[in-house]
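Below are the chains, spelled out letter by letter.
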Amino acid sequence: GQFSDAILTAEKLEILDNPVDWWKRKSEAQILADKSQEVLNSWEAKKSDSQFSADVDAIAIVAGAYSKRHRTDDGLGLLNDALTRDPSNPALLTQRGLLLEGLGKISEARNDFDNAEKSPASEYRGQMILDFGQFLFRRHEWKEAAERFKTLGGESVHNPLFTNYL
């Protein structure tokens, strides 16, 4: 499929370069290619390595993979554990918000998105605003969603990745 080349490239670079960064890239491609179980299998082998288990983005990716495999409670457990160590982390809060939304726990999800938005600016801010805006859009809260997308548009000058969404 369209993600096979990305997965193969990431597997090769995982050996040569920063293993955590390439594992994350490979895992994101595997999730997009509907290979979430492969991410979970790989995580089982990696999670005892603190390079992986302490990486917030890796935890968020694995939580998303659990959710894709209809094991959202396992994903929430992983996120809740990480949030005890880093309670205001916007990446963790946003991912937990998405999982809670999937379970229909809308007020809890909104609380996580609100708290993520209040977190100090980080490299994750653009993704958080995008996810929060989409959450609000799915709730038919058009004005609030538009405000998030407008903010994202204003900040996209500094983050070219997000110009694709505008």
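Figured I'd write up the structure that's included with this text. (Residues numbered from 1 in each chain as written. Predicted model: local features only at pLDDT ≥ 70, side-chain atom pairs only at ≥ 80, totals over all residues. Heavy atoms only, no water.)

### Topic: the overall build of the protein
Move 1: Across its full length, the protein holds 10 helices and zero strands.
Move 2: Counting from the amino terminus, helix and strand elements in the protein follow one another as α-α-α-α-α-α-α-α-α-α.
Move 3: A burial count over the protein gives 40% of its 166 residues as buried.
Move 4: Considering only contacts in the protein between residues 6 or more positions apart, those separated by 24 or more positions represent 44%. (Helix = DSSP H or I, 4+ residues; strand = E, 2+ residues; numbered from the N terminus. Buried < 20%, exposed > 50% of the residue type's maximum accessible area, 1.4 Å probe, protein only. Contact = heavy atoms within 4.5 Å.)

### Some remarks on the pattern of salt bridges
Move 1: Overall, the coordinates contain 11 salt bridges when judged by the stated rule.
Move 2: A salt bridge links K24 to D57; its shortest N-O distance comes to 3.7 Å. Note that K24 is positioned in helix 2 (residues 19-32) and D57 in helix 5 (residues 56-68), a separation of 33 residues in sequence.
Move 3: Across the salt bridge formed by K47 and E44, the nearest N and O atoms sit 3.2 Å from each other. (Salt bridge = Lys/Arg side-chain N within 4 Å of Asp/Glu carboxyl O.)

### Brief notes about the packing of helix 8 (residues 106-118) against helix 9 (residues 125-138)
Move 1: Where helix 8 meets helix 9, the closest approach of the two axes is 10 Å, and the angle between their N-to-C directions is 150 degrees. With respect to helix 9, the axis of helix 8 lies roughly antiparallel. For helix 8 against helix 9, the interelement crossing comes out left-handed. Judged by residue contacts, I106, A109, R110, F113, D114, A116 and E117 of helix 8 engage R125, M128, D131, F132, F135 and L136 from helix 9.
Move 2: Here the contact of helix 8 with helix 9 is built from residues that sort into eight nonpolar, no polar and five charged. (Axes fitted to C-alpha atoms, helices over the stretch in contact; angles between N-to-C directions. Parallel < 35°, antiparallel > 145°, perpendicular 65-115°, else oblique. Left-handed = near helix turned anticlockwise from the far one by under 90°. Nonpolar A, V, L, I, M, F, W, Y, C, P; charged D, E, K, R; others polar.)

### A few points about the packing of aromatic side chains
Move 1: Counting across every chain of the model gives six aromatic pairs.
Move 2: On the numbers, 5.8 Å between centres and 40 degrees between planes, the contact of W23 with W43 is tilted. Here the residue W23 occupies a position in helix 2, and W43 occupies one in helix 3 (residues 36-46), the gap between them amounting to 20 residues.
Move 3: Seen in terms of ring centroids, F137 and W142 are 4.9 Å apart; in terms of plane orientation they differ by 70 degrees. Their pairing is edge-to-face.
Move 4: With relative accessibility at 47%, the residue W142 sits in the partly exposed group.
Move 5: Just above the ring of F135 sits the side chain of R139; from NZ or CZ to the centre is 5.4 Å. (Phe/Tyr/Trp six-rings, centres within 6.5 Å; stacked < 30°, edge-to-face > 60°. Lys NZ or Arg CZ within 6 Å of the ring centre and 35° of its normal.)

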